[in-house]
Amino acid sequence: MKRKIALYFLLFTASLLHAQVQCEDTCQHVHGIDLSHYQGNVFWEHVGQDAHNAYVYLKATEGGDRIDPTFKKNIDLAHRHGLKVGAYHFYRPITNQQLQLKNFRAQCRPQEQDLIPMIDVETTNGLPTAQFCDSLFKFLEMVEHEYQQKPLVYTGANFYDKHLQGKLDHYLVMIAQYTDYEPRLKDNRDITMWQYTAKGRIRGVNGFIDKSRFMGRHKLREIRFRHYEE
């Protein structure tokens, strides 16, 4: 009985230690975070001092009319404290693309961007895959035309495998998969970035935060925003 209790204690202690060790503490990849109004008030002076995090993506907009209420404040403060910043839009496939682009463009101003725009793709809104893809790629082309560079596409591993296999070969992708092992997509395409947890911790943010890192030899320069005058 004592041996069983001791074993359970060791296993419990090991699980606690594992929970405290985060990916960026044990690897040399380039790491970053993304956040929105769900994180509440952010103390950017502390976030900017975290040497593990090189970039941040901030939610700017969703659909045709939603604006994240913390975006303007967060992008100003993130820049002030030395972070490379990008904006992302949550895409709604059944909402008019022109309205969505207008909404995003009003917040994601080129002069404020260090990183290419990111399009968050998580739902088909009930559309069949073919119709959903027609909607999505029309929007991606509009974003590329507006900003003169292809956006980064964020989506989940399962969502990609079900709806987007073989269709995003010309785009950089960030794949969300909350496991201890690196994601592998069914079409074996290259993954630029991996969002490996939605329950990360960082000084300056109360509660959980999404964390990501670059895969393999991919580097931050690949998602650098190219300004028009360059």
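All of these numbers come straight from a predicted model, not from anything done at the bench. (Residues numbered from 1 in each chain as written. Predicted model: local features only at pLDDT ≥ 70, side-chain atom pairs only at ≥ 80, totals over all residues. Heavy atoms only, no water.)

## Side note on the packing of helix α6 (residues 129–147) against helix α7 (residues 157–164)
The cut-off we apply is this: Axes here mean lines fitted to C-alpha atoms, for a helix over just the part in contact, with angles spanning 0 to 180 degrees between N-to-C directions. Where helices and strands are cited, they refer to DSSP runs of H or I of at least four residues and of E of at least two residues respectively, numbered from the N terminus. Oblique is the label for every angle not falling under 35 degrees (roughly parallel), over 145 degrees (roughly antiparallel), or within 65 to 115 degrees (roughly perpendicular). Note on contacts: a residue pair qualifies if any of its non-hydrogen atoms lie within 4.5 Å across the two residues. When residue character is reported, Ala, Val, Leu, Ile, Met, Phe, Trp, Tyr, Cys and Pro are called nonpolar, Asp, Glu, Lys and Arg charged, and the others, Gly included, polar.
Interhelical geometry of α6 versus α7 gives an angle of 105 degrees and a closest axis separation of 10 Å. The angle between the axes of α6 and α7 places the two elements in the roughly perpendicular class. The residues of α7 that touch α6, namely those facing T129, F132, C133, L136 and F137, are F159, K162, H163 and L164. Each residue belonging to the contact of α6 with α7 can be placed in one class, and the counts come to six nonpolar, two polar and one charged.

## Examining the packing of aromatic side chains
Our working rule: Think of it this way: a Phe, Tyr or Trp ring, Trp meaning its six-membered ring, pairs with another when their centres are within 6.5 Å, and the plane angle makes it stacked under 30 degrees, edge-to-face over 60, tilted otherwise. The rule is simple: take the accessible area with a 1.4 Å probe, protein chains only, and divide by the maximum for that residue type; under 20% is buried, over 50% is exposed, in between is partly exposed.
Applying the stated criterion across every chain, the model contains seven aromatic pairs. Taking 6.3 Å as the distance between ring centres and 80 degrees as the angle between the ring planes, the aromatic pair formed by Y147 and F225 counts as edge-to-face. Of this pair, Y147 sits in helix α6 while F225 sits in the segment after β9 (209–214); the two residues are 78 residues apart in sequence, bridging distant segments of the chain. Judged by its relative accessible area of 1%, Y147 falls in the buried class. We classify F225 as buried; its relative accessible area is 1%. Each ring, one from W194 and one from Y196, has its centre 5.9 Å from the other, and the planes form 65 degrees; the classification is edge-to-face. An aromatic cluster is defined as three or more aromatic residues linked by ring pairs; in this entry it consists of F104, Y147 and F225.

## Here we look at the confidence of the model for the chain
Using the following cut-off: Scored from 0 to 100, pLDDT reflects the predictor's confidence in each residue.
When pLDDT is averaged across the chain, the result is 89; 88% of the residues are at 70 or more. In the model, residues 4–21 has pLDDT below 50 throughout and makes three contacts with residues more than four positions away in sequence or in other chains.

## Section: the pairing of β9
Inclusion rule: Here, strands pair whenever DSSP counts at least two bridges between them.
Within β9, five of the six residues are buried, leaving the element largely enclosed by the surrounding structure. Of the pairings in the sheet, the one linking strand β1 (residues 31–35) to β9 comprises four bridges and is antiparallel in character. By the bridge assignment for β9, G32 is matched with S212. As paired strands, strand β8 (residues 193–200) and β9 are joined by five bridges and run antiparallel to one another. Looking at β9, one finds that Q195 is bridged to S212.

## Some points on the side chain of E62
For clarity, the cut-off: Residues adjacent in sequence count toward polar contacts only when both atoms are side-chain atoms; beyond that, a polar contact is any pair of N or O atoms within 3.5 Å, and within protein one must be able to donate a hydrogen and the other to accept it.
With respect to the helices and strands, E62 occurs in strand β2 (residues 53–62). Accessibility expressed as a relative area gives 8% for E62, which makes it buried. A polar side-chain atom of E62 sits 2.6 Å from a polar atom in the side chain of K59. Apart from the residues lying within four places of it in its own chain, the contact partners of E62 are H89, F90, R92 and N103.

## Some thoughts on the pairing of strand β6 (residues 152–156)
What counts, and what does not: Note on handedness: a crossover is taken as right-handed if, strands pointing away from the viewer, the path from the first strand over the helix to the second is clockwise.
Judged by how many residues are buried, β6 sits mostly within the fold: five of five residues are covered. The handedness of the strand β5 (residues 118–120) to β6 crossover, carried by α6, is right-handed. Summarising the sheet, β6 and strand β7 (residues 173–176) pair through four bridges and their orientation is parallel. Bridge pairing in β7 links V153 to V173. Following the chain from β6 across α7 to the adjacent parallel β7, one finds a crossover that is right-handed.

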